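Notes for the structure review
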Amino acid sequence: MLEFYLQSARGIARARSSLVGPYLDGFAAVVRELGYCRLVGQWCITYAVHLGLWAAAEGVPLGALDEGAVRAFLAHLSGCRCPGHRAGLHGVARARTEVFVRYLRSRGVVPLPVLPVAPPALITGFCEWQRGSAETTLRQYRAVAIALLGRLGDDPARYDAGAVRAAVQEVTGGHGTATARYVAKVARGFLRYLAVTGRCRPGLDAAILPVASWRRASLPRYVSADSVQRIIDACDATRPEGARDRAILLLLARLGLRGGDIVRLGVRDIDWAAARVRVVGKGRREVRLPLPQEVGDALLAYLRAGRASVACDRVFLRARAPWRPLATSSCVSAIVKRAMVRAAVAAPTRGAHLLRHSAATAMLRDGISLPAIAVVLRHRSVETTAHYAKVDTELLRSVAQPWLGGAPC
């Protein structure tokens, strides 16, 4: 398998005689299985051999190639004098070297990195108490609870109202209203959990005052239907990455999906015969939405020609090897941002939710009722959907009451 990436017989012999030689054939097979092209695979093997040369010269055994040793090797590259290798910036060295180190870890040659300290039992219990919450939500809860615990201390029996308010204020300092509201919400839930389990006095959650904000005080952020179409058309569907991005953008713009819905969408969730797509959103609520022809065609084009043939149930994968599912909704937002830049569309925000808001606004302007829009967007209450009723600013101006002082609004 090594011959697939290294063409020179001399280079192959030198690689096999190096410190890492016994592992290179297996590594080459794994690199090819991961879907790396020949050039990237060749880089991975070249840096693996270089790492072995450096380790032998420095007296570092293979089993000691931890994060510190890899950092030392990368620092060595700028002034490298190893035979057959050149000094320089080596911008891709970190990524290619880490592929080989991960392979050595999987073979048990290099020990696994030391895991971060487990969160305290109070945090673990609080997250287990949040039954039904998604892992992304629990991750956010955990971060806020750890920050609060670091300021309040490990003994909940000693908490009082003043300390609780001071901790919340310190955690939210420098952030906006949305973050302050979220921290206050998590803090109340954490204190209720501590009270229910008998670890602190009941009623401390009432010490956290509501953050001043007014519902539906702002206008929804959206772009016009023409701008949405320009964003979709900015994807080159003849390329695998463009076919994937076009399918994602159509799901966001036509069905109003969230970024997390895109990440979790599985191949089995698409019912081609009934033209339906199954979506599991917030609170594990499951719905089946109609699949428009345009969206179905884009999905089919991506699955047939743009998606890598790997054993993975998720629909959308990374555009480059190794072929893995999109990690978080931030990946979807990044796809939207890049398409907006290509289409030269300016908007108050750039992310997956912009197209969701634009879809809701377009439906409202087409005369679709708020309850029907709430069903599509999977809002639990039509009150949430009522936020979009303010998109007609000219009509709002016509019904606005004059200021009491007589001055215009």
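Look above for the structure.
Note that this is a predicted model, so its numbers are computed, not measured.

Right, let's talk about the overall build of the chain for a bit. Counting its secondary structure elements, the chain contains 18 helices and three strands. Counting only residues that meet the buried cut, the chain has 40% of its 409 residues in that class. Within the chain, contacts between residues at least 6 apart in sequence are counted, and of these 59% link residues at least 24 apart. As displayed, the chain has an accessible area near 22,800 Å², and 55% of this comes from carbon and sulfur atoms.

Moving on to the packing of helix H14 (residues 329–343) against helix H15 (residues 352–365). Across the interface, H14 lies against H15 with an axial gap of 7 Å and an inter-helix angle of 75 degrees. When the axes of H14 and H15 are compared, the pair comes out roughly perpendicular. Where H14 approaches H15, its residues Val332, Ser333, Val336 and Met340 are matched on the opposing element by Ala352, Leu354 and Leu355. When its residues are assigned to classes, the contact of H14 with H15 shows six nonpolar, one polar and no charged.

Now for the pairing of strand E2 (residues 276–280). A one-sided burial pattern is seen for E2, the buried positions being Val277 and Val279 and the unburied ones Arg276, Arg278 and Val280. Examined bridge by bridge, strand E1 (residues 270–271) and E2 share two bridges and lie antiparallel to one another. Its bridge partner being in E2, Asp271 is matched across the sheet by Arg276. If you look at the hairpin formed by E1 and E2, you'll find four residues sitting between the two strands, and Ala275 has a positive phi there, around 55 degrees. Pairing of E2 with strand E3 (residues 286–290), which is carried by five bridges, proceeds in the antiparallel orientation. For Arg276, the partnering residue across the bridge sits in E3 and is Pro290.

Here the structure, examined in full by the defined rule, presents 11 aromatic pairs. The interplanar angle of 25 degrees and the centroid separation of 6.2 Å between the aromatic rings of Phe126 and Tyr141 together place this pair among those described as stacked. Highlighted residues: Phe126 in helix H6 (residues 121–129) and Tyr141 in helix H7 (residues 135–152), separated in sequence by 15 residues. Accessibility assignment for this pair places Phe126 and Tyr141 in one class, buried. Consider the rings of Trp129 and Tyr193, whose centres lie 5.5 Å apart with planes at 50 degrees: the pair is tilted. Here Tyr193 lies in helix H9 (residues 177–196) and Trp129 lies in helix H6, a separation of 64 residues in the sequence. The class of Trp129 is partly exposed, set by a relative accessible area of 32%. Its relative accessible area of 6% is what places Tyr193 among the buried residues. When the ring centre of Phe4 is taken as origin, the NZ or CZ atom of Arg38, which lies over that ring, is 4.1 Å away.

Here we take up the pattern of salt bridges. Evaluated as defined, the whole model comprises 16 salt bridges. The salt bridge involving Asp205 is made with Arg192; its shortest N-O contact spans 3.3 Å. Taken together, the residues span a long stretch of sequence, with Asp205 in the loop between H9 and helix H10 (225–233) and Arg192 in helix H9 at a distance of 13 residues. Here Asp205 falls in the buried class, since its relative accessible area comes to 18%.

The rules behind each value
Residues numbered from 1 in each chain as written. Predicted model: local features only at pLDDT ≥ 70, side-chain atom pairs only at ≥ 80, totals over all residues. Heavy atoms only, no water. Helix = DSSP H or I, 4+ residues; strand = E, 2+ residues; numbered from the N terminus. Buried < 20%, exposed > 50% of the residue type's maximum accessible area, 1.4 Å probe, protein only. Contact = heavy atoms within 4.5 Å. Areas by Shrake-Rupley, 256 points an atom, 1.4 Å probe, with all protein chains shown as cover. Axes fitted to C-alpha atoms, helices over the stretch in contact; angles between N-to-C directions. Parallel < 35°, antiparallel > 145°, perpendicular 65-115°, else oblique. Nonpolar A, V, L, I, M, F, W, Y, C, P; charged D, E, K, R; others polar. Pairing = 2+ DSSP bridges. Phe/Tyr/Trp six-rings, centres within 6.5 Å; stacked < 30°, edge-to-face > 60°. Lys NZ or Arg CZ within 6 Å of the ring centre and 35° of its normal. Salt bridge = Lys/Arg side-chain N within 4 Å of Asp/Glu carboxyl O.

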